[in-house]
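These are the residues of each chain, in order.
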Amino acid sequence: CSLLNHVEVDPALADPASVFLLRPGLAAQQRRAINEALDRLERQLFLSMSATRSVGEVRAREAELISTYIQRGRRIQPEGRLVVSDGSGRCQDVRLVDGDVIVIPERADTVLVAGEVVSPQPVVARPGMTIEDFIRQAGGRSQRGERGQVMLRRASGQVILDPEGPPRGGDELIVLPYLDPLAFQIAADILNLVFQSAVSVRTLLR
């Protein structure tokens, strides 16, 4: 925070309240955490037993879908982002280490709406808009997103699951897929992995 006092920015173009760090060592930790989560998911997927033939057929379809997701997860390259500002934009003092990159994002007036929506796209943030207003501007929820949770990622990297307030310019609003726990036995593990991946990297749900 003391270093930022010596960095001159144009407040009309820069968003210093959303400053964050990129730290190579953290990226490696995120990569290990994602791989461990994928390994657990894979073991649970292929070691689960089926009581009946119909249940076995359902789980076979699950396995095919989830295996594709696991392959995508293996290709994730975490960025090592370290959030250093809270929800109100106050800087949280962090000691810098060799290799850190300090990023002051550009100020934006749009919100990227992604995930389970009909037409993922940036939406201009206007006063008084609610989360559902942003989703409607992106074509509304897709069939899998009709009952799904919403996740908000601030420009600083802060992630909020089921936020109460609307997004701000520069945020990403992600509609997560709804997974019926009766059909998907490991739905909680999948959503947990989606959450971890979104914290680590921006591109998974675009």
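Structural data are supplied above this passage.
Structural notes, computed from the coordinates.

Rules behind the numbers
- Residues numbered from 1 in each chain as written.
- Predicted model: local features only at pLDDT ≥ 70, side-chain atom pairs only at ≥ 80, totals over all residues.
- Heavy atoms only, no water.
- Helix = DSSP H or I, 4+ residues; strand = E, 2+ residues; numbered from the N terminus.
- Buried < 20%, exposed > 50% of the residue type's maximum accessible area, 1.4 Å probe, protein only.
- Contact = heavy atoms within 4.5 Å.
- Areas by Shrake-Rupley, 256 points an atom, 1.4 Å probe, with all protein chains shown as cover.
- Pairing = 2+ DSSP bridges.
- Core = buried A, V, L, I, M, F, W, Y, C linked by side-chain atoms within 4.5 Å.

Okay, the overall build of the chain next. Along the backbone of the chain there are four helices and eight strands. For the chain, the α and β elements follow one another from N to C terminus as β-α-α-β-β-β-β-α-β-β-β-α. The proportion of buried residues among the 206 residues of the chain is 38%. Considering only contacts in the chain between residues 6 or more positions apart, those separated by 24 or more positions represent 69%. Accessible surface for the chain amounts to roughly 11900 Å². Of this, 53% is attributable to carbon and sulfur atoms.

Side-chain direction in a regular strand flips from residue to residue, so the side chains alternate between the two faces of the sheet. Burial along strand β6 (residues 150-153) is two-sided: the face carrying Val150 and Leu152 and the face carrying Met151 and Arg153 are both buried. Summarising the sheet, β6 and strand β8 (residues 172-175) pair through four bridges and their orientation is antiparallel. Bridge pairing in β8 links Arg153 to Glu172. Pairing between β6 and strand β7 (residues 159-161): three bridges, direction antiparallel. Within the sheet, the bridge partner assigned to Arg153 lies in β7 and is Val159. Count of turn residues in the β6/β7 antiparallel hairpin: five residues, of which Gly157 carries a positive phi of about 105°.

What follows concerns the nonpolar core. Among the nonpolar cores identified, the biggest contains 13 residues, and Val113, Val117, Phe134, Ile135 and Leu173 are the most heavily contacted of them. At the level of secondary structure, the elements contributing two or more residues to this core comprise β4 (110-115), α3 (131-137), β6 and β8. When residues of this core are assigned to their parent elements, the largest contribution, three residues, is made by α3. The residues contacting Ile135, other than those within four sequence positions of it, are Val113, Val117, Gly140, Arg141, Val150, Leu173 and Val175. One finds Ile34, Leu38, Leu41 and Ile70 within the second-largest nonpolar core, a separate group that totals six residues.

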